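# A look at the structure
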Amino acid sequence: MTEQPTASLNFPRSVSGNPIRWLVVGGGLLIAAIAIGATIMAGNFRERALNSSARELENTVLLLARHFDQQLQDFGAIQRDLAAYVQAAGIETGEHYRRRMSSADTHQMLKAKIAAFSYVGSINLFDADGVMINSSTGWPARAVNISDRAYFKTFKSDPKSPLLLVEPVHSRVTGAWTTVLARKLTGPNGEFLGVIGRGIEPANFTKFLQSVALGQDATIAMHHRDGTLLARHPHVEEMIGRNFKTGPAHQQALFDKEHDSTRLPGPMDGRDRLIAARTLEHFPIVIIASTTVATALANWQEQTVFLVIVAGLFVLVIAALLFAVVRKLSLQHLASQQRLRLEKQRLDTAVNNMRQGLLLFDSSQRLVICNQRYIDMYGLSREVVKPGVSFRAIIAHRKATGSFVGDADKYYAATLRNITQRNVNVIEPPDGRSIQIINEPLADGGWVATHEDITERTRIEERITHLAHYDALTDLPNRTLFHDRLKGEFATLAAGEQFAVLYLDIDEFKSVNDSLGHLIGDELLKSVAVTLRRCAGSNNFVARLGGDEFAIIQTAVTTVADVNDLVARVFDAIRQPYECIGHQVTTDASIGIALAPQHGADVDQILKNADLAMYAAKAAGRRTHRFFEPEMDARVKARRSLEMDLRQAIAGRAFEVQYQPCLSLRDNRISGCEALLRWRHPERGVISPAEFIPIAEDTGLINQLGEWVLTTACVEAATWPDNISIAVNVSPVQFRSGTFALKVLAALAASGLPASRLELEITEAVLIRDDEAALAILHQLRAIGVRIALDDFGTGYSSLSYLHKFPFDKIKIDRCFINDIAETGGSSSIVKAVVDIAAARDMITTAEGVETEQQRDKLRALGCSEMQGWLFSPARTAADIRQLFLGHPEKSAAVA
């Protein structure tokens, strides 16, 4: 530690000599390398630019040569056709040729042949004396003689001359420079007959050359092989016909080789040019393209300028950096001492403001650094704990001041034994705090020790752990901890031992929340939790699984009586009234019980069976308990199977709506029919609505099913007589849908049935859950014109307040009051009371399940409005009910 400042003081001195010199030399070499590299790159870029321009010119003349070769060959084909025509016509002498080929018909033939090749001039026919005898441009032909032309003299004087010659001449037809393609005509015996001439003016070539863009200062020229200029772009009229096969050998070689490229001064402007030439394959014509070297190097010049600028910037940057570094090194020596002082001050500040206590020991267990936090953490003396003191002396000082508990020698030995590797320990001083000690070994044999007060963090972690495993409302173990405990019980379960799992569900807890509010509901759950914990005792395990569900693990169960005894204690305690924020609340529970291992050998199975037992207790009327039985599982599977079949039946429209008529007891007329849902299962036969309707309500399928029944019934009733209404039962689940009134409207609109002929039958269950919302929907339906009937009146609460809150159109008396109505001491007085209440509020009364004439007569005597039952008619199909309407008068007489 003490050697570090010395090393820092020597550093500027060590770099102030040779290192700076080498740095400057290195910088100079780098600048020279940049300059040399920039020069080489500029040279390479220049060669690439010239080569690229040369390749572009070579490609251009190659394409042009192929184009004009093909174009001139097309014209040659016309000349060959004419020569073939002359031979086919049997022309043998010059006189015969002159007579035959000077006609107007020949002119039209020439005109027709040249029409497809308008890009080259006209076709002219000359006789053996050089006189033009016909032309494609006009007839009769103009007086033109070419006997003095070099190509004509060659044809006439040399029998072995080529059939085709190309020559630039001043046209005697147009007066302009023209490139003539002449073909010799001979008779069968070799007699010279004449010439077929074709003149191509430079403008025809120049027009195409102009379409080839090579850039500024570029030229494209067409020369005869002898050097004569035939066409050029840019066009210079006075240069056409001039011979350029002069000058240096490189320039003359352009007209002698098949293709060539060179670099020469321009023959017209004297500027240094890149030149490429190519001779046509079938004609003595040379295509030459050129561009100035300056144009070819234009991009190179821009790149070179950019390269010079970049290289210059690099040189400036390097020079600036060299200057800055040298200046920095020269100033560093002056600032080093001050920096060391500042660093020491900052280190002291940082160390003494750490949240952890810090100790640094050397290899001989002597203290090097100790911050103030460590002194304050244990209440030690700075006079004792100072640099140079031994680790053993510090532990002894802590022992003396009371901040260390335990054997100091043993702690000292254990620390040194483990100091070669990082280790973490947590100690608890006498004041109850939790201190985490981390010992970090150093390479020189010493170590750094940090002491951190983690008391608050430990408490937070314990709280988080608690919240992860305990219910926040009741402080009972939650489902996670319950599952862990259950796994532990199975793991430790010995042969011959058993334990019980009790599932508890608070009965009617939702009504407490709905009527008194969630705050009261929460207080009730906390009170129930305290009760269950007290009943279970310390040997058993109580948990809240969620909502109003609790569970108990009862251990050390020897007989079923032990479980029954716990259940009895739970029922006795839970049924006592609870004081919940000023409200006296009573409750009860449904309990399902499964025994391990006979009812389940693993966690999932025992939980499932306890849950099944609890639902069996609920199905038995609540407020009771049930042990698991294998039949429960079978019933659940059967219910699940029925649910699947129900879903398939809904999707496949496997249901049928039947209609049971309702008979007026006053005039024996059919007043309406009740729509009844029927399900004929392909394997189980007819399934009672009492079996599948509860499943449909539990799963929500009743909404889809009820809507289908409503629509089907309305469509059928629309075909009935106007005085017959249709009644449709509505489930409480359907009423909880906010769109039920809209669905009724849709069914009426789709069927065309008047709203006054639709009667909806509801039970008290619709009003019990949320009577305000239900009454709002009922008033909506009444506003539409739909009639409302209260079904199964007398079997539930039969609260008269419902009749006061909503004026029902009809009350239906349940069949349980009709069975013994004709007997002495039967239900006639109850039925009479219902009839009188209905009559007082202008309501119709309908008796269900009328099966005997005595029941009918008694109902008529009591003043009941209508009856419905097997005495008059069972439920019928749609076709049968229509037949019943037709034959009703006879049926009415029989019933009367």
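The sections below set out a description of the structure shown in this document. (Residues numbered from 1 in each chain as written. Predicted model: local features only at pLDDT ≥ 70, side-chain atom pairs only at ≥ 80, totals over all residues. Heavy atoms only, no water.)

### What to know about the overall build of the protein chain
- Along its length, the protein chain carries 30 helices and 31 strands.
- At 59 Å, the protein chain has a C-alpha radius of gyration far larger than the 29 Å of a compact globule built from 896 residues.
- C-alpha atoms of the protein chain, sized along the principal axes, occupy 155 × 120 × 55 Å.
- Looking at the protein chain as a whole, 45% of its 896 residues are labelled buried.
- Long-range contacts, defined as pairs at least 24 residues apart, comprise 58% of the intrachain contacts of the protein chain with a sequence gap of at least 6.
- Accessible surface, the protein chain: about 45400 Å² in total, of which carbon and sulfur atoms supply 54%.
- Placing the 96 positive and 101 negative side-chain charges of the protein chain at their respective mean positions leaves the two points 9 Å apart. (Helix = DSSP H or I, 4+ residues; strand = E, 2+ residues; numbered from the N terminus. Rg over C-alpha atoms; globule rule 2.2 N^0.38 Å. Buried < 20%, exposed > 50% of the residue type's maximum accessible area, 1.4 Å probe, protein only. Contact = heavy atoms within 4.5 Å. Areas by Shrake-Rupley, 256 points an atom, 1.4 Å probe, with all protein chains shown as cover. Lys, Arg positive; Asp, Glu negative; His and termini not counted. Charge placed at Lys NZ, Arg CZ, Asp CG, Glu CD.)

### Regarding the packing of aromatic side chains
- With the rule as written, the count across this model stands at 15 aromatic pairs.
- Aromatic pair Phe361 and Phe391: ring centres 5.3 Å apart, planes at 75°, arrangement edge-to-face. With a gap of 30 residues between them, Phe361 in strand 11 (residues 357–361) and Phe391 in helix 11 (residues 391–401) connect regions that are remote in the sequence.
- Given the relative accessible area of 1%, Phe361 is considered buried.
- On the basis of relative accessibility, which here comes to 7%, the residue Phe391 falls in the buried class. (Phe/Tyr/Trp six-rings, centres within 6.5 Å; stacked < 30°, edge-to-face > 60°.)

### Describing the nonpolar core
- Grouped together as the largest cluster of nonpolar side chains are 79 residues, with contacts concentrated most on Phe655, Ile726, Phe735, Leu758, Leu760 and Leu781.
- The element best represented in this core is helix 21 (residues 701–717), accounting for nine residues.
- Not counting residues within four places of it along the chain, the set of residues in contact with Leu760 comprises Leu710, Val728, Val730, Phe740, Val744, Leu781, Val786, Arg787, Ile788 and Ala789.
- With 34 residues, the next largest nonpolar core counts Leu532, Cys535, Val567 and Tyr578 among its residues. (Core = buried A, V, L, I, M, F, W, Y, C linked by side-chain atoms within 4.5 Å.)

### Remarks on the state of the cysteines
- With the rule as written, the count across this model stands at zero disulfides.
- A disulfide-free cysteine, Cys580 has its sulfur positioned 16 Å from the sulfur of Cys535, the nearest such atom.
- The thiol of Cys673 is unpaired, and the distance to the nearest cysteine sulfur, on Cys662, comes to 8.4 Å. (Disulfide = S-S within 2.5 Å.)

### Re the sheet that holds strand 17 (residues 541–546)
- In spatial order, the strands read 17-18-16-21-22; together these five strands make up an open sheet with mixed pairing. The open sheet has two free edges, formed respectively by strand 17 and strand 22 (625–627), since each of these has just one partner strand. Neighbour to neighbour, the strand axes of the sheet diverge by 20° on average, direction disregarded.
- Inspection of the sheet shows strand 16 (residues 499–506) paired to strand 18 (residues 549–554) by six bridges, in the antiparallel sense. (Pairing = 2+ DSSP bridges. Axes fitted to C-alpha atoms, helices over the stretch in contact; angles between N-to-C directions.)

### Some remarks on a nonpolar patch on the surface
- Residues Val305, Ile309, Leu313 and Leu316 make up a contiguous nonpolar surface patch of about 390 Å² in total accessible area.
- Mapping Leu313 onto the fold places it in helix 9 (residues 298–352).
- According to the relative accessible area criterion, Leu313 is partly exposed, its value standing at 49%. (Patch = residues over 30% accessible without salt bridge, like charges linked within 9 Å, V, L, I, M, F, W, Y side chains within 5 Å. Salt bridge = Lys/Arg side-chain N within 4 Å of Asp/Glu carboxyl O.)

### Some points on the sheet that holds strand 14 (residues 435–441)
- Taken together, the five strands give an open sheet; going across it, the order is 12-11-15-14-13, and neighbouring strands pair in antiparallel fashion. The open sheet has two edge strands with one neighbour each: strand 12 (367–370) and strand 13 (423–427). Geometrically, the sheet is characterised by an average inter-axis angle of 15° between neighbouring strands, direction not taken into account.
- Looking at chain direction, strand 14 and strand 15 (residues 447–453) are connected through seven bridges and run antiparallel. Within strand 15, the residue paired with Pro441 across the bridge is Trp447.

### Quick notes on the packing of helix 11 against helix 12 (residues 408–417)
- With their axes 10 Å apart at the nearest point, helix 11 and helix 12 run at an angle of 145° to one another. Crossing of helix 11 over helix 12 shows right-handed handedness. Two secondary-structure elements touch here, helix 11 through Phe391, Arg392 and Ile395 and helix 12 through Ala408, Asp409, Tyr411, Tyr412, Thr415 and Leu416.
- Of the residues in the contact of helix 11 with helix 12, the class split is six nonpolar, one polar and two charged. (Left-handed = near helix turned anticlockwise from the far one by under 90°. Nonpolar A, V, L, I, M, F, W, Y, C, P; charged D, E, K, R; others polar.)

### Structural notes on unusual backbone geometry
- In this chain, Ala596 is followed by Pro597 through a cis amide linkage whose omega measures 10°.
- On the secondary structure map, Pro597 appears in the loop between strand 21 (589–596) and helix 18 (603–619).
- Residues other than glycine seldom take positive phi values, yet Ile581 does so here, at roughly 55°.
- Take Ile581: it is sitting in the loop between strand 19 (578–580) and strand 20 (583–585).
- Here the phi dihedral of Asp842 falls at roughly 55°; this positive angle occurs in a residue that is not glycine.
- Of note, Asp842 is situated in the loop between helix 27 (828–840) and strand 30 (844–848).

### So, the environment of Asn44
- As for its position among the elements, Asn44 is in helix 2 (residues 18–88).
- Sequence spacing of Asn44 and Trp300 is 256 residues, and the spatial spacing of their C-alpha atoms is 9.8 Å.

### Some words on the side chain of Arg149
- Relative to the helices and strands, Arg149 is located in the loop between strand 2 (132–135) and helix 5 (150–157).
- Within the buried core, Arg149 has no salt-bridge partner, and the shortest N-O distance to an opposite charge, that of Asp148, equals 4.8 Å.
- Dropping the residues within four chain positions of it, Arg149 is found in contact with Val169, His170, Ser171 and Arg172.

### Section: helix 11
- Within helix 11 the residues assigned to the buried category are Phe391, Ile394, Ile395, His397 and Arg398. The arc enclosing the buried residues of helix 11, seen along the axis, measures out at 155°, which places them on a common side.
- Two residues or fewer past helix 11, Gly402 is found with a positive phi of approximately 90°. (Arc of directions from axis to C-beta.)

These figures capture arrangement, not role.
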